[in-house]
Amino acid sequence: MSDCIFCKIIAGEIPSEKVYEDEHVLAFLDIAPVNPGHTLVIPKTHSSDFLDTTESSLIVVVKVLPKIAKAIMWAVGADGFNIGVNNGAAAGQIVPHMHFHVIPRLSGDGYKSWGHRKYGEGEALKIAERIRTSVENSRTIN
Ligand code: 5GP
Ligand code: ZN
């Protein structure tokens, strides 16, 4: 896609610090890392977000995540890592080319985990029921 910043990185029109590349996948350092070594792993075929990405593009990207995560762990001496996708503006997605973040974590790096809420009486059952129904419906649609 011509005006996509990550497509421009794939095409070499914008410089990046690449750490892995194959026919279908590119991984490069995030320009503003949560921790040093924070890497973005993207399919070379453009898709705007997770739900817009084909199954085959997802598979090729997910397949290389363990290799990249292990390499990052070794390179920066991390104690763990987070892998995540921000999907949609409400979830913090800024760049509309689907990408996985691989974020190395160090014990005591100071970041806190997400907050947790409690379900109200009967709320979990109601929500789970809605999700189950939706999953069943999508099964019949696809
Ligand atoms: P999002 O918030 O969309 O999930 O994440 C986009 C990420 O892309 C951000 O963490 C941001 O720092 C990174 N980013 C944005 N523009 C560039 C760029 O031109 N080069 C690189 N290497 N990373 C970028
Ligand atoms: Zn793109």
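Fair warning: this is a prediction, and the values are worked out from it, not measured in the lab. (Residues numbered from 1 in each chain as written. Chains lettered and ligands numbered in written order. Predicted model: local features only at pLDDT ≥ 70, side-chain atom pairs only at ≥ 80, totals over all residues. Heavy atoms only, no water.)

Enquirer: For the UniProt feature "active site" (unreviewed entry) in the chain, give the residues involved together with the corresponding values.
Expert: Per the UniProt entry, the sites bearing "active site" (unreviewed entry) are His99 in this numbering. Here His99 shows up in the loop between strand S4 (80-84) and strand S5 (100-105). Residue His99 is classed as buried on the basis of its relative accessible area of 6%. Setting aside its immediate chain neighbours within four residues, His99 contacts Phe6, Leu40, Val41, Ile42, Gly84 and Val85. (UniProt positions renumbered as here; feature names shortened; annotations may be inferred. Helix = DSSP H or I, 4+ residues; strand = E, 2+ residues; numbered from the N terminus. Buried < 20%, exposed > 50% of the residue type's maximum accessible area, 1.4 Å probe, protein only. Contact = heavy atoms within 4.5 Å.)

Enquirer: For the packing of aromatic side chains, give the residues involved together with the corresponding values.
Expert: Taken as a whole and assessed by the stated rule, the structure comprises two aromatic pairs. Taken together, a centroid distance of 5.3 Å and an interplanar angle of 80° make the contact between Phe6 and Phe28 edge-to-face. Separated by 22 residues along the polypeptide, Phe6 in helix H1 (residues 5-11) and Phe28 in strand S2 (residues 25-29) bring together distant segments of the chain. Neither Phe6 nor Phe28 differs from the other in exposure class; each is buried. With centroids separated by 6.4 Å and ring planes inclined at 70°, the aromatic side chains of Phe50 and Phe100 adopt a geometry described as edge-to-face. A residue pair is termed long-range when its members are at least 10 positions apart, and Phe50 in the loop between strand S3 (39-43) and helix H2 (55-76) and Phe100 in strand S5 qualify at 50 residues. (Phe/Tyr/Trp six-rings, centres within 6.5 Å; stacked < 30°, edge-to-face > 60°.)

Enquirer: Tell me about the environment of Ser57, and please be specific about residues and values.
Expert: Looking at the secondary structure, you find Ser57 in helix H2. A relative accessible area of 9% places Ser57 in the buried class. Separated by 13 residues in the primary sequence, Ser57 and Lys44 have C-alpha atoms spaced 8.3 Å apart.

Enquirer: Mind laying out the site of ligand 1, listing which residues take part and the relevant values?
Expert: Taken together, 16 residues lie near ligand 1, and Asp30, Gly92, Ile94, His99 and His101 sit nearest. One nitrogen or oxygen atom from the main chain of Gly92 is found 2.7 Å from an oxygen atom belonging to ligand 1. Taking a 2 Å distance to the grid points as the criterion, the majority of the atoms of ligand 1 fall inside the largest pocket. Contributing elements (two or more residues each) for the shell around ligand 1: H1 and S2. Classifying every residue of the shell around ligand 1 by side-chain character gives 10 nonpolar, five polar and one charged. (Near = heavy atom within 4 Å. Polar contact = N/O pair within 3.5 Å; in protein donor to acceptor, adjacent residues only side chain to side chain. 1 Å grid on protein atoms, 1.4 Å probe; cavity = no way out; pocket = protein on both sides within 12 Å on 5 of 7 lines; lining within 4 Å. Sits in = over half its atoms within 2 Å of the grid points. Nonpolar A, V, L, I, M, F, W, Y, C, P; charged D, E, K, R; others polar.)

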